[in-house]
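Architecture and fold: a report
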Amino acid sequence: MSRDAELSAPKRWKTPEEAERYYRQVIDSAIDGFFAIDAQRRFVEVNDRLCELFGYPREEWIGHTPLDFITPESRAELLKQMQRIDTTDRRRYQLVAQRKDGSTFPILLNNSTHRNEQGEVTGSFGFITDLTPIMAAQQAVADSERELRGILDDLQDTYYRTNQDGIIVRASRSVEQLLGYTVEEVVGRRLADLYCSQSDRDDFLARMRANGGHIVGGQSRLRHKDGRELWVLTTAHFILDAQGKLVGVEGTTRDHTRQRQAEEELRLAARVFESSGEAIMITTPDGTLISGNRAFSSVTGYAVEEVAGRNVSLLASGRHSPEFFEEMWRTLRATGYWQGEIWNRRRNGEVYPGWLGISSVRDEQGEITHYVGIFSDISERKAAEARIEYLAHHDTLTGLPNRLLLKDRMQQAIVHGERTGRRIALLFVDLDRFKAVNDSYGHPVGDILLREVAQRLQSCVRESDTISRHGGDEFLVVLNDLQDSQVPAQVAAKIMATLAEAFHIEGHEASISASIGIAVYPEDGAGFDELLKKADIAMYHAKEAGRNAFRFHTQPMNVAARERLDLHSRLRDAMGRQEFELYFQPVVELAGGRVVGGEALLRWRVPGEGVLDAGQFITAAEHSGLIIPLGDWVLQQACLELARWQAGGRRELSLSVNLSPIQFRRGDVEVGLRSALAASGADAAGLELEFGEAVLAEGNEAVRRCLAQLKAFGLRLAIDDYGSGSSSLAALKRFGIDTLKIDGCFVSNLLSDPDDVVIVRAAIDLARNLGLRLQAEGVESADVAAELRALGCTVAQGYHLGRPLPAVEFRQLLGIA
């Protein structure tokens, strides 16, 4: 049995002393201080605990009043309580006591009045409890409470706690910021009343129960004091007692409205990003692709996963210059935005036009973190624009440029003509008898006819020239960059001949002709409108002349054109009547006067007019195209004559034959030569073909191949009129030239012009150094021949050395029967 149990057990005392010892033992073992005072309010008894609390020995208590052991501030309260001893049985009050060492401490007095058998007050007794530990604990609790309150009040999140009935018993001050209520307004309210609806509360509790009595970051809706709805995130748990019974809920909640709105906006932005009809891509500042939407993949052909981490340059088409991108990035860095048309390349290699806008994204420090590019494929738009542009400048029926485009091109041609001094011709072509075809066969046939006329007109001009449908049955033709005044008449004649051929359309045969008016810049005007007006007038003159004709605006040009056309016609007739023949001019050694060869020269024996030199008709032959058959005939006759020389024992002689540049451009000179050599049996070693420097100046591969093929026959090649053109020294070696023939214009003035002396001497030195044969032309006097010989020239030709002779007479000169 414990000591306390033993003391509390009832006993019968044999003597008063035994009883006194028992109660003394009980009093002394009490944990609180015990005291007893008499009717005079003086201590008559204290226990050891009281002496220990105050630091006074027992003898210093006896005879003293309680007023001697408290602080002055507590005496008034003590006197009031001592006066109540006679009127009350029990009293309980707090005082501040003072120890012997002067220190103070709080005490609690439980005091009872003692009465005798007659009810008279004989004193009082009681216990004194040291409140220091209790008050320290209370202070600690208060401090803890203040600290907790401070922590809770400093939380951004709002703390709350309810009892088992859902009544809020505690809340942090942040509830006012969250819901607009003060702590005092919210404590004592049902938590369910703060939800937007009972279903919101029930749903939240259901999620807590389903999660084992707690929830982390659960979303719900609360009602603000001003009536608006708030989305909040709550972390909470059930509070259970020792028996597991629910006694409340405790948790924290925070405003999630802005974040939820931001999340909704992000989700919306993501949906917009992904469903946008325009391609969107996001890159790092160095151009590394991070992301793209479905439209990006649709436009480029690349899956986003395929290009993520690669540089955006993989989309480059290669069509833009470095300067284009430098300007783009300069604008982007300066303004934060760039937009414009750009050509990109799809995954399949197809290049397409796009419209691109690039925006820079910056952080709080203003540094660029990303670029966002939004672009669309504008291929269809570009095609539509091109179609609109085409329709704005072309005739819908024939596809030819319309008057607007023709005018623009002619104005450009005039500007070029002003700079180069070359002519431009405007031909006004009106179809004769077109109305009759339209009326007879219907408009559909008429439309087809116009389209075929357009095709035939295009075959009559160069690619650099322009044909336009002026309207109805009228067409305009611009011939630009003309060096030869004869070209407009030649083209007009070609157009008339081409359109005169019958048209076969849907089982019908239609015949038309053309009346053409010609105006020439700068003679007839300096602008399009003026030239058009004069070409129109000239066309009506052609109509008045009987149609199927052309007329220039100026009469002298009409006369010249008719003369040229007449000459072309006569040349064709001359070929048929065999009016052409060859003359031969001797080539002589200057040292001894020996004839070493001859040059074949074309002559036209015109009945009633005599013999014409080639200079009087060769240009017309070239313009009319007759130079080709005429050139072949010259080669055939020259080879026949060379064969006669060789058969007569003069195989050492050489025969020079001139070729036109047009023969080279046609590219089949070697075919005619092979035929001539085969037919004549002549040895090609005695043949020398000569041509002007213009052939070498063209310098193209076709000319080189042609000359190489000619050299393969074993003949020699000569440059005629050397010094009057612009052939290079490299060309002389490249094309395998054997002979240089100095132009007669330098030879004829050799005795009077020092510059010509220099030129001739340079040519002689050049030929000697390159191992070429040199021959002078145009020697008209003995003095010139002597000067040439002195300069080192060994071979020459000219009237002084021998005039051109018919073939028979030349053979007699050579001594060939």
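Okay, so let's go over this structure. (Residues numbered from 1 in each chain as written. Predicted model: local features only at pLDDT ≥ 70, side-chain atom pairs only at ≥ 80, totals over all residues. Heavy atoms only, no water.)

Focus: the packing of aromatic side chains
To keep things clear, this is the line we draw: Two rings belonging to Phe, Tyr or Trp (six-membered ring only in the last case) form a pair when the distance between their centres is within 6.5 Å. Interplanar angles under 30 degrees mark stacking, angles over 60 mark edge-to-face geometry, and anything in between is tilted. Secondary structure follows DSSP: runs of H or I at least 4 residues long count as helices, runs of E at least 2 residues long count as strands, and numbering of each begins at the N terminus. Any residue under 20% of the maximum accessible area for its type is buried, any over 50% is exposed, and the rest in between are partly exposed; the area is computed with a 1.4 Å probe on protein chains only.
In this structure the tally under the stated criterion is 23 aromatic pairs. Judged by centre distance (6.4 Å) and plane angle (40°), the rings of Phe34 and Phe125 are tilted. Here Phe34 is found in strand E1 (residues 33–38), whereas its partner Phe125 is found in strand E5 (residues 121–130), with 91 residues between them in sequence. Residue classification places Phe125 among the partly exposed positions, given a relative accessible area of 32%. With a centroid separation of 5.2 Å and an interplanar angle of 90°, the aromatic rings of Phe324 and Phe325 are classed as edge-to-face. Among the residues examined, Phe325 registers a relative accessible area of 29% and is labelled partly exposed. The structure contains a cluster of three or more aromatic residues connected by ring pairs, namely Phe35, Phe43, Phe54, Tyr56, Trp61, Phe69 and Phe105.

Overview of the pairing of strand E13 (residues 337–345)
Going by this rule: By definition, two strands form a pair when at least two bridges between them are found by DSSP.
Here E13 shows a clear split, with Trp338, Gly340, Ile342 and Asn344 buried on one side and none of Tyr337, Gln339, Glu341, Trp343 and Arg345 buried on the other. Of the pairings in the sheet, the one linking E13 to strand E14 (residues 351–362) comprises nine bridges and is antiparallel in character. Directly across from Asn344, in E14, lies its bridge partner Tyr352. In this structure, the hairpin formed by E13 and E14 is closed by a connection of five residues, where Gly349 is found at a positive phi of approximately 95°.

Points about the layout of surface pockets
Applicable threshold: With a 1 Å grid spanning the protein atoms alone, the term cavity applies to any set of points in which a 1.4 Å probe fits but cannot get out, the term pocket to an open set with protein on both sides within 12 Å along at least five of seven lines, and the term lining residue to any residue with an atom within 4 Å of a point. Grid points are joined across faces, edges and corners, and a volume is the space filled by probe spheres set on the points. Polar here means any residue outside two lists: the nonpolar Ala, Val, Leu, Ile, Met, Phe, Trp, Tyr, Cys and Pro, and the charged Asp, Glu, Lys and Arg; Gly therefore counts as polar.
Of the volumes computed, that of the largest pocket is approximately 900 Å³. Lining the largest pocket are 34 residues, with Glu599, Leu601, Ala614, Asn658 and Asp720 positioned closest to its centre. Elements with a minimum of two residues in the lining of the largest pocket: strand E24 (595–606), helix H20 (618–624), helix H21 (627–647), strand E26 (654–658), helix H22 (661–666), strand E27 (687–691) and strand E28 (716–722). With five residues, E24 is the largest single contributor of residues to the lining of the largest pocket. Residues of the lining of the largest pocket, tallied by class, amount to 15 nonpolar, 10 polar and nine charged. Considered as a void within the structure, the second largest pocket measures approximately 600 Å³ in volume. Counting residues per element, the ones that place at least two in the lining of the second largest pocket are strand E18 (474–482), helix H17 (487–500) and H20. Here the lining of the second largest pocket takes four residues from H17, the largest share from any one element. Of the residues that constitute the lining of the second largest pocket, the class distribution is seven nonpolar, four polar and six charged.

Section: the sheet that holds E13
Condition: Angles run from 0 to 180 degrees between N-to-C directions of axes, and those axes are lines fitted to C-alpha atoms, restricted for helices to the stretch in contact. We call two residues in contact when some of their heavy atoms are within 4.5 Å.
Sheet architecture is open: five strands sit in the order E12-E11-E15-E14-E13, paired in antiparallel fashion. Each edge of the sheet is formed by a strand with only one pairing partner; in this case those strands are strand E12 (289–292) and E13. For this sheet, the mean inter-axis angle between neighbouring strands, taken without regard to orientation, is 30°. Set on the sheet, helix H12 (residues 322–335) makes contact with E13, E14 and strand E15 (368–377); between it and E13 the angle comes to about 150°.

Details of the sheet that holds strand E3 (residues 90–98)
Spatial ordering of the open sheet is given by E2-E1-E5-E4-E3, a layout of five strands whose pairing is antiparallel. Sheet topology places strand E2 (43–46) and E3 at the edges, where each strand pairs with a single neighbour. Averaged over all pairs of adjacent strands, the angle between strand axes in this sheet comes to 25°, irrespective of strand direction. Relative to E5, strand E4 (residues 104–115) runs antiparallel, the two sharing nine bridges. Directly across from Leu109, in E5, lies its bridge partner Ile128.

Details of helix H23 (residues 669–680)
Let me state the cut-off plainly: By this rule, a helix spans an expected 1.5 Å times one less than how many residues it contains. Note that the arc is defined by the directions from the helix axis to the C-beta atoms.
The end-to-end C-alpha distance of H23, which contains 12 residues, comes to 17 Å, matching closely the 16 Å that a straight helix rising 1.5 Å per residue would cover. Every buried residue of H23 is listed here: Val669, Glu670, Gly672, Leu673, Ala676, Leu677 and Ser680. Viewed end-on, H23 has its buried residues packed into an arc of 160°, placing them on one side of the element. Projecting away from the buried face of H23 at angles above 90 degrees are the exposed residues Ala678 and Ala679. Phi turns positive, to about 75°, at Gly681, one or two residues after H23.

Read these as geometric descriptors, not functional statements.
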